[in-house]
Amino acid sequence: MSQAQHITVLGATGSVGLSTLDVIARHPDRYNVFALTGFTRLAELLALCVRHTPRFAVVPTAEAARQLEDGLFTAGVDTRVLVGEGGLCEVSAHPQVDTVLAAIVGAAGLRPTLAAVEAGKKVLLANKEALVMSGALFMQAVRRSGTVLLPLDSEHNAIFQCLPGNYANGLDSVGVRRVLLTASGGPFRETPLPELEHVSPEQACAHPNWSMGRKISVDSASMMNKGLELIEACWLFDTSPSRIEVVIHPQSVIHSMVDYVDGSVLAQLGNPDMRTPIAHALAWPERIDSGVAPLNLFSVGRLDFQAPDEERFPCLRLARQAAEAGDSAPAVLNAANEVAVAAFLDRRIRFPEIASMIDEVLNLESVIAVSELETVFEVDARARALAEQWLGRHGR
Ligand code: NAD
Ligand code: MG
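Residues numbered from 1 in each chain as written. Chains lettered and ligands numbered in written order. Predicted model: local features only at pLDDT ≥ 70, side-chain atom pairs only at ≥ 80, totals over all residues. Heavy atoms only, no water.

### Focus: the domain arrangement of the chain
The line we're drawing: What fixes the domain bounds is an automatic or database domain assignment. In this description, contact between two residues means that some pair of their heavy atoms is separated by no more than 4.5 Å. The term buried area denotes the loss of accessible surface (1.4 Å probe radius) that occurs when two parts are joined, taken as the sum for both partners.
Domain boundaries assigned for the chain yield domain 1 (5-151), domain 2 (153-314) and domain 3 (326-396). Placing a centre on the C-alpha atoms of domain 2 and another on those of domain 3 gives a separation of 25 Å. Each partner contributes to the interface: domain 2 provides 20 residues, whereas domain 3 provides 15 residues. Buried surface at the junction of domain 2 and domain 3, summed over both partners, amounts to about 1500 Å²; 73% is from carbon and sulfur atoms.

Following this line, the structure appears as C-alpha coordinates:
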(Lines give C-alpha, C1' and ligand atoms only; values in the text may rest on other atoms or scores of the structure.)
(Ligands and ions follow the chains in the order given, each with its own letter.)
Protein backbone atom coordinates (compact mmCIF):
# COMPACT_ATOMS: atom_id res chain seq x y z
CA MET A 1 0.00 0.00 0.00
CA SER A 2 1.36 3.42 -0.94
CA GLN A 3 1.02 6.50 1.28
CA ALA A 4 -2.32 7.32 2.92
CA GLN A 5 -4.61 9.55 0.84
CA HIS A 6 -5.31 13.02 2.24
CA ILE A 7 -9.04 13.67 2.34
CA THR A 8 -11.11 16.81 2.71
CA VAL A 9 -14.65 16.18 3.93
CA LEU A 10 -16.93 19.09 2.96
CA GLY A 11 -20.00 18.85 5.20
CA ALA A 12 -18.30 16.62 7.78
CA THR A 13 -20.96 17.18 10.47
CA GLY A 14 -23.80 15.95 8.24
CA SER A 15 -25.20 12.51 7.72
CA VAL A 16 -22.98 11.64 4.72
CA GLY A 17 -19.96 13.33 6.33
CA LEU A 18 -20.29 11.26 9.51
CA SER A 19 -20.76 8.02 7.55
CA THR A 20 -17.61 8.88 5.59
CA LEU A 21 -15.59 9.46 8.75
CA ASP A 22 -16.85 6.13 10.09
CA VAL A 23 -15.47 4.34 6.99
CA ILE A 24 -12.22 6.34 7.01
CA ALA A 25 -11.59 5.51 10.68
CA ARG A 26 -11.67 1.80 9.80
CA HIS A 27 -8.67 2.26 7.45
CA PRO A 28 -6.10 4.55 9.07
CA ASP A 29 -3.38 3.05 6.85
CA ARG A 30 -5.23 4.17 3.70
CA TYR A 31 -6.85 7.48 4.63
CA ASN A 32 -5.80 10.58 6.48
CA VAL A 33 -8.27 13.38 7.30
CA PHE A 34 -6.85 16.63 5.92
CA ALA A 35 -9.78 19.02 6.47
CA LEU A 36 -13.25 18.96 7.98
CA THR A 37 -15.95 21.57 7.43
CA GLY A 38 -19.11 22.38 9.36
CA PHE A 39 -21.77 25.05 9.49
CA THR A 40 -23.94 25.19 12.59
CA ARG A 41 -22.98 22.14 14.68
CA LEU A 42 -19.78 23.54 16.18
CA ALA A 43 -19.64 21.19 19.17
CA GLU A 44 -19.85 18.21 16.80
CA LEU A 45 -17.18 19.72 14.56
CA LEU A 46 -14.90 20.18 17.57
CA ALA A 47 -15.43 16.55 18.62
CA LEU A 48 -14.59 15.42 15.06
CA CYS A 49 -11.42 17.52 15.07
CA VAL A 50 -10.35 15.99 18.39
CA ARG A 51 -11.00 12.51 16.99
CA HIS A 52 -9.42 12.95 13.52
CA THR A 53 -6.87 15.80 14.10
CA PRO A 54 -7.23 17.39 10.63
CA ARG A 55 -4.81 20.09 9.46
CA PHE A 56 -7.72 22.45 8.74
CA ALA A 57 -11.31 23.00 9.84
CA VAL A 58 -13.69 25.44 8.13
CA VAL A 59 -16.60 27.29 9.75
CA PRO A 60 -18.94 29.98 8.36
CA THR A 61 -18.05 33.05 10.45
CA ALA A 62 -15.24 34.68 12.41
CA GLU A 63 -17.27 34.26 15.61
CA ALA A 64 -17.65 30.51 14.96
CA ALA A 65 -13.90 30.36 14.25
CA ARG A 66 -13.12 31.93 17.64
CA GLN A 67 -15.36 29.43 19.41
CA LEU A 68 -13.83 26.47 17.61
CA GLU A 69 -10.28 27.76 18.20
CA ASP A 70 -11.00 28.05 21.94
CA GLY A 71 -12.25 24.46 22.03
CA LEU A 72 -9.28 23.20 19.99
CA PHE A 73 -6.84 25.03 22.27
CA THR A 74 -8.42 23.52 25.42
CA ALA A 75 -8.31 20.06 23.83
CA GLY A 76 -4.69 20.55 22.73
CA VAL A 77 -5.49 19.95 19.06
CA ASP A 78 -3.37 21.69 16.44
CA THR A 79 -5.99 22.30 13.72
CA ARG A 80 -6.00 25.60 11.81
CA VAL A 81 -9.44 27.19 11.43
CA LEU A 82 -10.47 28.88 8.16
CA VAL A 83 -13.62 30.88 7.49
CA GLY A 84 -16.38 30.99 4.89
CA GLU A 85 -16.56 30.06 1.23
CA GLY A 86 -12.94 31.10 0.69
CA GLY A 87 -11.90 28.61 3.37
CA LEU A 88 -14.03 25.86 1.82
CA CYS A 89 -12.46 26.45 -1.60
CA GLU A 90 -8.97 26.53 -0.06
CA VAL A 91 -9.29 23.11 1.60
CA SER A 92 -10.86 21.70 -1.59
CA ALA A 93 -8.04 22.81 -3.86
CA HIS A 94 -5.09 22.56 -1.43
CA PRO A 95 -2.02 21.00 -3.12
CA GLN A 96 -1.72 18.36 -0.40
CA VAL A 97 -5.27 17.05 -0.84
CA ASP A 98 -5.86 13.90 -2.91
CA THR A 99 -9.60 13.39 -2.50
CA VAL A 100 -12.53 15.70 -1.74
CA LEU A 101 -15.77 14.34 -0.44
CA ALA A 102 -18.51 16.81 -1.45
CA ALA A 103 -21.26 16.43 1.15
CA ILE A 104 -22.46 19.97 1.80
CA VAL A 105 -26.22 20.18 1.26
CA GLY A 106 -27.64 22.47 -1.42
CA ALA A 107 -26.31 25.30 -3.57
CA ALA A 108 -23.77 26.23 -0.87
CA GLY A 109 -21.68 23.27 -2.04
CA LEU A 110 -21.29 24.39 -5.64
CA ARG A 111 -18.22 26.65 -5.48
CA PRO A 112 -16.14 24.45 -3.14
CA THR A 113 -17.00 21.32 -5.14
CA LEU A 114 -16.06 23.04 -8.39
CA ALA A 115 -12.85 24.25 -6.78
CA ALA A 116 -11.95 20.60 -6.12
CA VAL A 117 -12.82 19.62 -9.69
CA GLU A 118 -10.78 22.47 -11.16
CA ALA A 119 -7.79 21.54 -9.00
CA GLY A 120 -7.99 18.00 -10.41
CA LYS A 121 -8.79 16.30 -7.12
CA LYS A 122 -10.57 12.97 -7.00
CA VAL A 123 -14.11 14.13 -6.19
CA LEU A 124 -16.67 11.89 -4.48
CA LEU A 125 -19.99 13.61 -5.09
CA ALA A 126 -22.92 13.51 -2.67
CA ASN A 127 -23.90 17.17 -3.17
CA LYS A 128 -26.27 16.50 -6.08
CA GLU A 129 -27.63 20.07 -6.03
CA ALA A 130 -24.24 21.34 -7.29
CA LEU A 131 -24.46 19.15 -10.38
CA VAL A 132 -28.17 19.87 -10.93
CA MET A 133 -27.55 23.63 -10.86
CA SER A 134 -24.57 23.75 -13.16
CA GLY A 135 -24.47 20.37 -14.95
CA ALA A 136 -22.99 21.42 -18.30
CA LEU A 137 -20.34 23.69 -16.77
CA PHE A 138 -19.56 21.18 -14.03
CA MET A 139 -18.99 18.33 -16.51
CA GLN A 140 -16.91 20.60 -18.77
CA ALA A 141 -14.71 21.36 -15.77
CA VAL A 142 -14.42 17.62 -15.03
CA ARG A 143 -13.29 16.94 -18.60
CA ARG A 144 -10.93 19.90 -18.65
CA SER A 145 -9.12 18.94 -15.45
CA GLY A 146 -9.30 15.19 -16.12
CA THR A 147 -10.41 14.66 -12.55
CA VAL A 148 -11.94 11.40 -11.36
CA LEU A 149 -15.57 12.08 -10.40
CA LEU A 150 -17.28 9.23 -8.56
CA PRO A 151 -20.92 9.25 -7.47
CA LEU A 152 -21.73 8.70 -3.81
CA ASP A 153 -25.47 8.95 -4.23
CA SER A 154 -26.46 5.32 -3.70
CA GLU A 155 -28.43 5.07 -6.98
CA HIS A 156 -25.70 6.62 -9.11
CA ASN A 157 -23.04 4.61 -7.37
CA ALA A 158 -25.12 1.49 -8.15
CA ILE A 159 -25.47 2.50 -11.83
CA PHE A 160 -21.73 3.16 -11.99
CA GLN A 161 -21.10 -0.33 -10.58
CA CYS A 162 -23.47 -1.88 -13.17
CA LEU A 163 -21.80 -0.15 -16.15
CA PRO A 164 -18.67 -1.40 -17.93
CA GLY A 165 -15.48 0.64 -17.47
CA ASN A 166 -15.66 2.16 -20.97
CA TYR A 167 -19.14 3.72 -20.66
CA ALA A 168 -17.73 7.23 -21.05
CA ASN A 169 -18.00 6.86 -24.84
CA GLY A 170 -21.79 6.88 -24.48
CA LEU A 171 -24.35 4.45 -23.10
CA ASP A 172 -25.28 3.35 -26.66
CA SER A 173 -21.72 2.27 -27.34
CA VAL A 174 -21.88 -0.20 -24.43
CA GLY A 175 -25.34 -1.55 -25.28
CA VAL A 176 -27.36 0.16 -22.56
CA ARG A 177 -31.08 0.47 -23.31
CA ARG A 178 -32.31 2.15 -20.14
CA VAL A 179 -31.26 3.13 -16.67
CA LEU A 180 -33.72 2.07 -13.97
CA LEU A 181 -33.48 4.56 -11.11
CA THR A 182 -35.01 3.07 -7.98
CA ALA A 183 -36.83 5.09 -5.33
CA SER A 184 -38.27 4.00 -2.00
CA GLY A 185 -41.35 6.19 -2.41
CA GLY A 186 -40.56 7.76 0.98
CA PRO A 187 -42.79 7.99 4.04
CA PHE A 188 -45.91 9.12 2.12
CA ARG A 189 -46.02 6.41 -0.54
CA GLU A 190 -49.37 5.14 0.74
CA THR A 191 -50.69 8.14 2.71
CA PRO A 192 -54.21 9.03 1.50
CA LEU A 193 -53.80 12.10 -0.76
CA PRO A 194 -56.04 14.47 1.28
CA GLU A 195 -53.90 13.78 4.36
CA LEU A 196 -50.80 15.18 2.63
CA GLU A 197 -52.23 18.66 3.39
CA HIS A 198 -51.62 17.98 7.07
CA VAL A 199 -48.34 16.06 7.27
CA SER A 200 -45.67 17.58 9.54
CA PRO A 201 -41.94 18.12 8.97
CA GLU A 202 -41.31 15.36 11.53
CA GLN A 203 -43.39 12.90 9.51
CA ALA A 204 -41.67 13.96 6.29
CA CYS A 205 -38.24 13.45 7.87
CA ALA A 206 -39.07 9.96 9.17
CA HIS A 207 -37.80 8.04 6.16
CA PRO A 208 -38.70 4.33 6.26
CA ASN A 209 -35.26 3.01 5.11
CA TRP A 210 -32.57 5.70 5.16
CA SER A 211 -31.35 8.01 7.92
CA MET A 212 -30.44 11.34 6.27
CA GLY A 213 -30.29 15.13 6.70
CA ARG A 214 -33.58 17.04 6.87
CA LYS A 215 -33.47 18.63 3.41
CA ILE A 216 -32.91 15.38 1.51
CA SER A 217 -35.47 13.65 3.76
CA VAL A 218 -38.17 16.15 2.68
CA ASP A 219 -36.97 15.77 -0.92
CA SER A 220 -37.42 12.02 -0.57
CA ALA A 221 -40.93 12.48 0.80
CA SER A 222 -41.90 14.71 -2.17
CA MET A 223 -39.82 12.60 -4.59
CA MET A 224 -38.03 15.78 -5.66
CA ASN A 225 -34.97 13.82 -4.56
CA LYS A 226 -35.63 11.36 -7.40
CA GLY A 227 -36.19 14.28 -9.76
CA LEU A 228 -32.83 15.81 -8.79
CA GLU A 229 -31.28 12.35 -9.17
CA LEU A 230 -32.75 12.00 -12.65
CA ILE A 231 -30.95 15.22 -13.65
CA GLU A 232 -27.82 14.09 -11.80
CA ALA A 233 -27.86 10.78 -13.74
CA CYS A 234 -28.23 12.57 -17.10
CA TRP A 235 -25.03 14.51 -16.41
CA LEU A 236 -23.00 11.74 -14.79
CA PHE A 237 -23.78 9.18 -17.48
CA ASP A 238 -24.20 11.55 -20.43
CA THR A 239 -27.72 10.45 -21.28
CA SER A 240 -31.17 11.95 -21.80
CA PRO A 241 -34.10 11.97 -19.37
CA SER A 242 -36.12 9.73 -21.71
CA ARG A 243 -33.60 6.90 -21.13
CA ILE A 244 -34.13 6.98 -17.37
CA GLU A 245 -37.09 5.27 -15.82
CA VAL A 246 -38.01 5.78 -12.17
CA VAL A 247 -39.07 2.58 -10.40
CA ILE A 248 -40.54 2.60 -6.92
CA HIS A 249 -38.98 -0.18 -4.88
CA PRO A 250 -40.08 0.21 -1.25
CA GLN A 251 -37.46 -2.09 0.32
CA SER A 252 -34.48 0.02 -0.94
CA VAL A 253 -32.38 -3.13 -1.37
CA ILE A 254 -31.79 -2.71 -5.09
CA HIS A 255 -30.08 0.67 -5.41
CA SER A 256 -30.65 0.98 -9.20
CA MET A 257 -30.31 -1.08 -12.37
CA VAL A 258 -29.01 -0.94 -15.93
CA ASP A 259 -31.03 -2.55 -18.73
CA TYR A 260 -28.96 -3.75 -21.72
CA VAL A 261 -30.13 -4.35 -25.32
CA ASP A 262 -29.69 -8.11 -24.98
CA GLY A 263 -32.31 -8.16 -22.22
CA SER A 264 -29.84 -8.40 -19.33
CA VAL A 265 -30.67 -6.20 -16.37
CA LEU A 266 -27.80 -5.65 -13.91
CA ALA A 267 -28.58 -4.46 -10.40
CA GLN A 268 -26.53 -3.52 -7.36
CA LEU A 269 -28.02 -4.69 -4.05
CA GLY A 270 -27.14 -4.01 -0.46
CA ASN A 271 -28.45 -2.84 2.88
CA PRO A 272 -29.59 0.79 2.74
CA ASP A 273 -26.49 2.25 4.38
CA MET A 274 -24.46 5.06 2.78
CA ARG A 275 -21.22 3.52 4.02
CA THR A 276 -21.40 1.04 1.11
CA PRO A 277 -21.30 3.60 -1.75
CA ILE A 278 -18.86 5.73 0.29
CA ALA A 279 -16.45 2.80 0.77
CA HIS A 280 -16.86 1.84 -2.89
CA ALA A 281 -15.99 5.33 -4.13
CA LEU A 282 -13.16 5.84 -1.63
CA ALA A 283 -11.37 2.63 -2.56
CA TRP A 284 -12.36 2.30 -6.24
CA PRO A 285 -11.23 0.30 -8.13
CA GLU A 286 -10.38 -1.73 -5.03
CA ARG A 287 -12.86 -2.86 -2.35
CA ILE A 288 -12.63 -2.24 1.39
CA ASP A 289 -14.69 -3.12 4.46
CA SER A 290 -17.37 -0.48 5.11
CA GLY A 291 -18.75 -1.77 8.41
CA VAL A 292 -22.09 -2.56 6.72
CA ALA A 293 -23.65 -5.90 7.74
CA PRO A 294 -23.99 -8.53 5.00
CA LEU A 295 -27.33 -8.38 3.18
CA ASN A 296 -29.68 -11.02 4.60
CA LEU A 297 -32.01 -11.85 1.71
CA PHE A 298 -34.04 -14.22 3.87
CA SER A 299 -35.00 -11.43 6.23
CA VAL A 300 -35.68 -9.09 3.26
CA GLY A 301 -37.98 -11.84 1.92
CA ARG A 302 -39.37 -10.01 -1.10
CA LEU A 303 -38.63 -7.18 -3.49
CA ASP A 304 -41.57 -5.10 -4.77
CA PHE A 305 -41.76 -2.66 -7.67
CA GLN A 306 -44.34 -0.13 -8.78
CA ALA A 307 -44.64 2.82 -11.17
CA PRO A 308 -44.53 6.29 -9.56
CA ASP A 309 -47.85 8.13 -9.30
CA GLU A 310 -47.38 11.69 -10.60
CA GLU A 311 -50.54 12.97 -8.95
CA ARG A 312 -49.07 11.97 -5.60
CA PHE A 313 -45.57 13.13 -6.57
CA PRO A 314 -45.90 16.22 -8.81
CA CYS A 315 -42.27 17.19 -8.02
CA LEU A 316 -41.11 14.25 -10.09
CA ARG A 317 -43.01 15.60 -13.11
CA LEU A 318 -41.62 19.12 -12.53
CA ALA A 319 -38.07 17.79 -12.36
CA ARG A 320 -38.51 15.77 -15.54
CA GLN A 321 -39.83 18.91 -17.28
CA ALA A 322 -36.83 20.89 -16.09
CA ALA A 323 -34.48 18.12 -17.19
CA GLU A 324 -36.03 18.14 -20.65
CA ALA A 325 -35.99 21.94 -20.90
CA GLY A 326 -32.28 21.95 -19.94
CA ASP A 327 -30.14 25.13 -19.81
CA SER A 328 -31.12 27.19 -16.74
CA ALA A 329 -34.31 25.23 -15.90
CA PRO A 330 -32.71 22.74 -13.45
CA ALA A 331 -31.07 25.63 -11.53
CA VAL A 332 -34.49 27.31 -11.21
CA LEU A 333 -36.05 24.05 -10.06
CA ASN A 334 -33.31 23.53 -7.49
CA ALA A 335 -33.45 27.07 -6.07
CA ALA A 336 -37.25 27.09 -5.79
CA ASN A 337 -37.11 23.68 -4.13
CA GLU A 338 -34.51 24.81 -1.57
CA VAL A 339 -36.73 27.75 -0.58
CA ALA A 340 -39.85 25.58 -0.53
CA VAL A 341 -38.27 22.84 1.62
CA ALA A 342 -36.93 25.39 4.13
CA ALA A 343 -40.40 27.00 4.30
CA PHE A 344 -42.04 23.62 4.85
CA LEU A 345 -39.53 22.76 7.60
CA ASP A 346 -40.34 26.16 9.20
CA ARG A 347 -44.07 25.27 8.99
CA ARG A 348 -44.74 28.26 6.73
CA ILE A 349 -46.25 26.15 3.93
CA ARG A 350 -48.05 22.83 3.70
CA PHE A 351 -46.41 19.81 2.11
CA PRO A 352 -48.33 19.94 -1.24
CA GLU A 353 -47.43 23.62 -1.57
CA ILE A 354 -43.79 22.65 -2.12
CA ALA A 355 -44.77 21.55 -5.64
CA SER A 356 -47.13 24.52 -6.18
CA MET A 357 -44.38 27.00 -5.39
CA ILE A 358 -41.83 25.31 -7.64
CA ASP A 359 -44.36 25.02 -10.47
CA GLU A 360 -45.11 28.74 -10.36
CA VAL A 361 -41.45 29.76 -10.21
CA LEU A 362 -40.64 27.48 -13.17
CA ASN A 363 -43.48 29.10 -15.14
CA LEU A 364 -42.40 32.65 -14.33
CA GLU A 365 -38.69 32.28 -15.02
CA SER A 366 -37.79 31.82 -18.68
CA VAL A 367 -35.17 29.28 -19.64
CA ILE A 368 -31.87 30.85 -20.69
CA ALA A 369 -28.57 29.49 -21.96
CA VAL A 370 -25.87 29.07 -19.32
CA SER A 371 -22.29 29.50 -20.41
CA GLU A 372 -20.69 30.79 -17.22
CA LEU A 373 -20.98 30.16 -13.51
CA GLU A 374 -22.10 33.70 -12.73
CA THR A 375 -25.25 33.08 -14.82
CA VAL A 376 -26.02 30.06 -12.65
CA PHE A 377 -25.82 32.18 -9.50
CA GLU A 378 -27.95 34.95 -11.09
CA VAL A 379 -30.60 32.42 -12.10
CA ASP A 380 -30.44 30.90 -8.62
CA ALA A 381 -30.92 34.32 -6.97
CA ARG A 382 -33.84 35.28 -9.25
CA ALA A 383 -35.61 31.97 -8.64
CA ARG A 384 -35.13 32.34 -4.88
CA ALA A 385 -36.59 35.87 -5.04
CA LEU A 386 -39.63 34.59 -6.97
CA ALA A 387 -40.08 31.78 -4.48
CA GLU A 388 -39.90 34.29 -1.60
CA GLN A 389 -42.57 36.41 -3.34
CA TRP A 390 -44.76 33.33 -3.60
CA LEU A 391 -44.18 32.77 0.11
CA GLY A 392 -45.13 36.37 0.83
CA ARG A 393 -48.49 35.79 -0.87
CA HIS A 394 -49.27 32.24 0.28
CA GLY A 395 -47.05 31.42 3.27
CA ARG A 396 -47.96 31.64 6.94
P1 NAD B 1 -26.98 17.08 6.35
O2 NAD B 1 -27.97 18.16 6.50
O3 NAD B 1 -26.97 15.94 7.32
O4 NAD B 1 -25.50 17.71 6.32
C5 NAD B 1 -25.20 18.81 5.55
C6 NAD B 1 -23.78 19.29 5.76
O7 NAD B 1 -23.63 20.50 5.01
C8 NAD B 1 -23.45 19.62 7.21
O9 NAD B 1 -22.12 19.25 7.48
C10 NAD B 1 -23.57 21.15 7.27
O11 NAD B 1 -22.69 21.71 8.21
C12 NAD B 1 -23.16 21.54 5.87
N13 NAD B 1 -23.79 22.79 5.43
C14 NAD B 1 -25.12 23.09 5.40
N15 NAD B 1 -25.32 24.33 4.93
C16 NAD B 1 -24.10 24.84 4.64
C17 NAD B 1 -23.64 26.08 4.12
N18 NAD B 1 -24.50 27.06 3.79
N19 NAD B 1 -22.31 26.26 3.97
C20 NAD B 1 -21.43 25.29 4.29
N21 NAD B 1 -21.81 24.08 4.79
C22 NAD B 1 -23.12 23.87 4.96
O23 NAD B 1 -27.15 16.52 4.85
P24 NAD B 1 -26.80 15.06 4.29
O25 NAD B 1 -27.98 14.18 4.43
O26 NAD B 1 -25.49 14.60 4.81
O27 NAD B 1 -26.69 15.39 2.73
C28 NAD B 1 -25.56 16.06 2.20
C29 NAD B 1 -25.62 16.00 0.68
O30 NAD B 1 -25.53 14.64 0.27
C31 NAD B 1 -26.93 16.54 0.09
O32 NAD B 1 -26.67 17.16 -1.13
C33 NAD B 1 -27.75 15.28 -0.15
O34 NAD B 1 -28.66 15.41 -1.21
C35 NAD B 1 -26.65 14.29 -0.52
N36 NAD B 1 -26.97 12.89 -0.23
C37 NAD B 1 -27.25 12.51 1.04
C38 NAD B 1 -27.57 11.17 1.31
C39 NAD B 1 -27.85 10.69 2.72
O40 NAD B 1 -28.04 9.48 2.92
N41 NAD B 1 -27.90 11.54 3.70
C42 NAD B 1 -27.61 10.25 0.26
C43 NAD B 1 -27.31 10.68 -1.02
C44 NAD B 1 -26.99 12.00 -1.26
MG1 MG C 1 -30.01 8.79 -3.62
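### Some details on the coordination of the magnesium ion (ligand 2)
Our working definition: In this analysis a donor is any N, O or S atom within 2.8 Å of a metal ion (3.2 Å for sodium, potassium and calcium), and since water is not included, sites may seem incomplete. Relative accessible area decides the class of each residue, using a 1.4 Å probe on protein chains only: under 20% of the type maximum gives buried, over 50% gives exposed, and in between gives partly exposed.
The magnesium ion (ligand 2) binds to the protein through D153 (OD), E155 (OE) and E229 (OE); the donor distances cover 2.1 to 2.2 Å. Written as a sequence motif, the donor arrangement for the magnesium ion (ligand 2) is D-x1-E-x73-E. Classification of D153 by relative accessible area gives buried; the value is 7%.

### Examining the site of ligand 1
Going by this rule: If a single non-hydrogen atom of a residue is within 4 Å of a molecule or strand, that residue counts as near it. We call two N or O atoms a polar contact when they sit within 3.5 Å, provided that within protein one can donate a hydrogen and the other can accept it, with sequence-adjacent residues counted only if both atoms are side-chain atoms. All accessible areas in this document rest on Shrake-Rupley with a 1.4 Å probe, and a residue is counted as covered only by the protein chains that are shown.
Close to ligand 1 lie 21 residues, the nearest being T13, S15, V16, E129 and G213. A distance of 3.1 Å separates an oxygen atom of ligand 1 from a polar atom in the backbone of G14. Burial of ligand 1 by the protein amounts to 89% of the accessible area it has alone, namely 830 Å². Counting contributing residues per domain, the shell around ligand 1 is built from domain 1 (5-151) and domain 2 (153-314), each supplying no fewer than three.

### Some thoughts on the pattern of salt bridges
We apply this condition: A carboxyl oxygen of Asp or Glu within 4 Å of a side-chain nitrogen of Lys or Arg is what we treat as a salt bridge. By definition, any uninterrupted DSSP run of H or I lasting at least four residues is a helix, any uninterrupted run of E lasting at least two residues is a strand, and each is numbered from the N terminus.
Counted according to the given criterion, the structure contains 25 salt bridges. The salt bridge involving E63 is made with R66; its shortest N-O contact spans 3.1 Å. Of the two residues, E63 and R66 both sit in helix α3 (residues 62-75), three residues apart, roughly one turn of that helix. Relative accessible area serves as the criterion here: at 48%, R66 is assigned to the partly exposed category. The salt bridge involving D219 is made with K215; its shortest N-O contact spans 2.7 Å. Pair noted here: D219 and K215 are both in helix α9 (residues 214-222), with a separation of four residues, about one helical turn. Its relative accessible area of 1% is what places D219 among the buried residues. A residue is classified by how much of its surface remains accessible, and K215, at 13% relative accessible area, is buried.

### Description of the pairing of strand β4 (residues 80-83)
What counts, and what does not: In this scheme, strands are said to pair when DSSP sees at least two bridges between them.
When strand β3 (residues 56-59) meets β4, the two strands line up parallel, connected through four bridges. Bridge pairing in β4 links V58 to L82.

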